[in-house]
Amino acid sequence: MNKPTPAEEAEAETRHQFAVRANSILAFIECDEEQRPKLRAAIIEAMLWAQAQPKLTQ
């Protein structure tokens, strides 16, 4: 089994981040008005957590 190159890993991570953001936006759009504040807080918390994670080296 071949190990992915750092560039391939970075590209996969970028695709994953976009997918997570897109799913968050869709969930926000489709949720009930009363659930939006909780979902908004969870999205912000997840984005801040992701920003604090170490970046992949290339």
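Notes on the structure in this doc start here. (Residues numbered from 1 in each chain as written. Predicted model: local features only at pLDDT ≥ 70, side-chain atom pairs only at ≥ 80, totals over all residues. Heavy atoms only, no water.)

In this section: the overall build of the chain. A tally of helices and strands in the chain yields two helices and zero strands. By the compact-globule yardstick of 10 Å for 58 residues, the chain is too spread out, its C-alpha radius of gyration being 15 Å. Taken over the C-alpha atoms alone, the chain extends approximately 45 × 20 × 15 Å along its principal axes. Buried residues in the chain amount to 5% of all 58 residues. (Helix = DSSP H or I, 4+ residues; strand = E, 2+ residues; numbered from the N terminus. Rg over C-alpha atoms; globule rule 2.2 N^0.38 Å. Buried < 20%, exposed > 50% of the residue type's maximum accessible area, 1.4 Å probe, protein only.)

Looking now at the environment of Asn23. Structurally, Asn23 can be placed in helix H1 (residues 6–30). For the pair formed by Asn23 and Glu33, sequence separation is 10 residues and the distance between their alpha carbons is 17 Å.

What follows covers the pattern of salt bridges. A side chain of one charge can pair with a side chain of the opposite charge if their charged atoms are brought near each other. Under the counting rule described, the total for this entry stands at two salt bridges. Note that Arg15 and Glu11 form a salt bridge whose closest N and O atoms lie 2.9 Å from each other. Residue Arg15 and its partner Glu11 are both found in helix H1; the two are separated by four residues, about one turn of the helix. On the basis of relative accessibility, which here comes to 48%, the residue Glu11 falls in the partly exposed class. For the salt bridge of Arg36 with Glu33, the shortest nitrogen-to-oxygen distance reads 3.7 Å. (Salt bridge = Lys/Arg side-chain N within 4 Å of Asp/Glu carboxyl O.)

Next up on the list: a nonpolar patch on the surface. A cluster of nonpolar residues, Ile25, Leu26 and Ile29, forms a patch on the protein surface that exposes about 300 Å² of accessible area. Note that Ile25 resides in helix H1. (Patch = residues over 30% accessible without salt bridge, like charges linked within 9 Å, V, L, I, M, F, W, Y side chains within 5 Å. Areas by Shrake-Rupley, 256 points an atom, 1.4 Å probe, with all protein chains shown as cover.)

The next thing to look at is the environment of Trp49. With respect to the helices, strands and loops of the structure, Trp49 is situated in helix H2 (residues 36–52). The class for Trp49 is exposed, based on a relative accessible area of 57%. The sequence separation of Trp49 and Ile29 amounts to 20 residues, and the corresponding C-alpha distance is 22 Å.

In short, the description is geometric, and any link to function would need to be established separately.
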